[in-house]
Amino acid sequence: MRSIRYREAVREALLEEMDRDEAVFLMGEEVGHYQGAYKVSEGLLAQFGEKRVIDTPIAEAGFAGIGIGAAMTGLRPVIEFMTWNFSFVAFDQIISNAAKIYQMSGGKITVPIVFRGPNGAAKQVGAQHSHAVSPFYVSIPGIWVAIPSTPRDAKGLLKTAIRDDNPVVFLEGETLYNVKGDVPETDDDELIPFGKARIAREGDGCTIVAWGSPYYTALEAAEELAKDGIECEVVDPRTLRPLDIETIVESVKKTNRCVIVHEHWPYGGPGAEIADQVQRRAFDYLDAPIERVASLDLPMPYATNLETLVLPTVPRVVEAVRKATYAR
């Protein structure tokens, strides 16, 4: 094991998969000569050349469509959106084509493509650049949605995504690129399967389900609550589609309580889906209503102090757990 940054873990996954399979290529805005807006693709152009690391114009619908066509003919494109906010321009390509071609062709045509890039709020990037987009994509049949929280998961899940024959929406936390964590040595071919959650912290007082940037908020809140004797179990789903609801339910059966923490808005989305499935599968085990801690239901303000108020915070998670455990 060695400790590397999240961005380096993503880069390693790209490098290793491009080196392993000549059908894999990277395409997007500034991925080549600029070496990536967040330097994720640093050095890849020099190693693999312009035919496999392709700079594009600012035309998301165009290069997403080119990638889908390439995937239909046997290549394995990795399409980088400079930010997932810009993927909205390519909605029709992703939803109407990538997600549906396999079924509409009667299973004759696969679309092994990965759409990846930074997701969620950064710091003072305004309402139009702060979307956590998982609610939009997780509701689409025909697409897998991965959202790694740690460097190890970022590398292992991306390698799995590139090898998968289905379209994958790969959401990298925009504020996580500098987070460091343990990752196996590069010669260890660790593939992390889709649909397998990870229990990041064990406890029996309350289950906290969290992913992406709020995962770290949940861990910090759990440490704070432990000072008062409330030991929380933190479950990271890793992928939202497929969703490992079984691991989440088993945790709730142990703790009898559930708090869901996510960065996107509270109305609908995977947080609501998890809450619904938990109450259906573990109703007799719940000793309190399921609580959710989400971003506030409004466009993201630009001002730093207001932005902080909108996003999930440690005090809000602590308060939700106290409410669920009747420890207020």
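Starting afresh in each chain, residues are numbered from 1 along the sequence in its written order. Only residues with pLDDT of at least 70 are given local features in this predicted model, and only at 80 or more are side-chain atom pairs given and counted; all residues enter the totals for whole chains, interfaces and linings. Each side-chain value is derived from all of the structure's non-hydrogen atoms; neither hydrogens nor water enter the calculation.

1. Side note on the layout of surface pockets
Move 1: There is about 360 Å³ of room inside the largest pocket.
Move 2: Under the DSSP-based scheme used, a helix requires at least four consecutive residues in state H or I and a strand at least two consecutive residues in state E, with every element numbered from the N terminus. The set of elements that each furnish at least two residues to the lining of the largest pocket consists of α8 (214–226) and α11 (304–310).
Move 3: No other element matches the four residues that α8 contributes to the lining of the largest pocket.
Move 4: Amino acid classes used here: Ala, Val, Leu, Ile, Met, Phe, Trp, Tyr, Cys and Pro are nonpolar; Asp, Glu, Lys and Arg are charged; the rest, including Gly, are polar. A per-class count over the lining of the largest pocket returns eight nonpolar, six polar and four charged.
Move 5: An automatic or database domain assignment supplies the start and end points of every domain. Formed jointly, the lining of the largest pocket draws a minimum of three residues from each of two domains, domain 1 (2–188) and domain 2 (198–324).
Move 6: Roughly 220 Å³ of volume is contained in the second largest pocket.
Move 7: Split by residue class, the lining of the second largest pocket holds 11 nonpolar, four polar and two charged.
Move 8: Shared between two domains, the lining of the second largest pocket takes at least three residues from each, and those domains are domain 1 (2–188) and domain 2 (198–324). A cavity here means a set of 1 Å grid points, computed over protein atoms only, where a 1.4 Å probe fits but cannot escape. A pocket is an open set with protein on both sides within 12 Å along at least 5 of 7 lines, and lining residues have an atom within 4 Å of a point. Grid points are joined across faces, edges and corners, and a volume is the space filled by probe spheres set on the points.

2. Let's talk about the packing of aromatic side chains
Move 1: Stacked, edge-to-face and tilted are the three classes for Phe, Tyr and Trp ring pairs, Trp counted by its six-membered ring, which pair at centre distances within 6.5 Å; planes under 30 degrees apart are stacked, over 60 edge-to-face, the rest tilted. By the definition in use, this model includes 11 aromatic pairs.
Move 2: Pairing tryptophan 84 with tyrosine 137 gives two aromatic rings, centres 5.3 Å apart and planes at 65 degrees, and the pair type is edge-to-face. Of the two residues, tryptophan 84 sits in the loop between β4 (76–80) and α4 (91–98) while tyrosine 137 sits in helix α6 (residues 134–138), which places them 53 residues apart along the sequence.
Move 3: A simple rule labels every residue: compare its accessible area, found with a 1.4 Å probe on the protein chains alone, to the largest value its type can have, and call it buried under 20%, exposed over 50%, or partly exposed in between. Given a relative accessible area of 0%, tryptophan 84 falls into the buried group.
Move 4: Aromatic pair phenylalanine 88 and phenylalanine 136: ring centres 5.3 Å apart, planes at 80 degrees, arrangement edge-to-face.

3. As for the packing of α8 against helix α12 (residues 314–324)
How two helices sit against one another is set out by the angle between their axes and by the gap between those axes.
Move 1: Running from N to C, α8 and α12 point in directions that differ by 60 degrees, and their axes come no closer than 9 Å. The angle between the axes of α8 and α12 places the two elements in the oblique class. Here α8 and α12 pass one another in a crossing that is right-handed. The residues of α12 that touch α8, namely those facing Thr217, Glu220, Ala221, Glu224 and Leu225, are Val314, Val317, Val318, Val321 and Arg322.
Move 2: Looking at side-chain class alone, the contact of α8 with α12 contains six nonpolar, one polar and three charged residues. Axis angles are defined between N-to-C directions and span 0 to 180 degrees, where every axis is a line fitted to C-alpha atoms and, for a helix, only to the segment in contact. In what follows, roughly perpendicular refers to angles from 65 to 115 degrees, roughly parallel to angles under 35, roughly antiparallel to angles over 145, and oblique to any angle outside these ranges. Left-handed describes a crossing whose near helix is turned anticlockwise from the far helix through less than a right angle; right-handed describes the clockwise counterpart. Residue contacts are counted whenever heavy atoms from the two residues lie within 4.5 Å of one another.

4. Topic: the domain arrangement of the chain
Move 1: Partitioning the chain into structural domains gives domain 1 (2–188) and domain 2 (198–324).
Move 2: Between the C-alpha centres of domain 1 and domain 2 the distance comes to 26 Å.
Move 3: Facing the 33 residues of domain 1 at the interface are 24 residues of domain 2.
Move 4: The contact between domain 1 and domain 2 buries some 2,200 Å² in all, and 59% of this surface belongs to carbon and sulfur atoms.
Move 5: In what follows, salt bridge is the name for a side-chain nitrogen of Lys or Arg lying within 4 Å of a carboxyl oxygen of Asp or Glu. Taken together, the connections running from domain 1 to domain 2 amount to two salt bridges.
Move 6: Its salt-bridge partner being aspartate 153, residue arginine 238 comes within 3.2 Å of it at the nearest N-O pair. Summed over both partners, the accessible surface that disappears when two parts come together, traced with a 1.4 Å probe, is what is meant by buried area.

5. Brief notes about the packing of helix α1 (residues 6–20) against helix α7 (residues 151–163)
Move 1: Close contact between α1 and α7 brings their axes to 8 Å; oriented N to C, the two are set at 30 degrees. Considering the angle they form, α1 stands roughly parallel to α7. Judged by the sense of rotation from one axis to the other, the crossing of α1 with α7 is right-handed. In contact with Tyr6, Ala9, Val10, Glu12, Ala13, Leu14, Glu16, Glu17 and Arg20 of α1, α7 contributes Pro151, Ala154, Lys155, Leu158, Lys159, Ile162 and Arg163.

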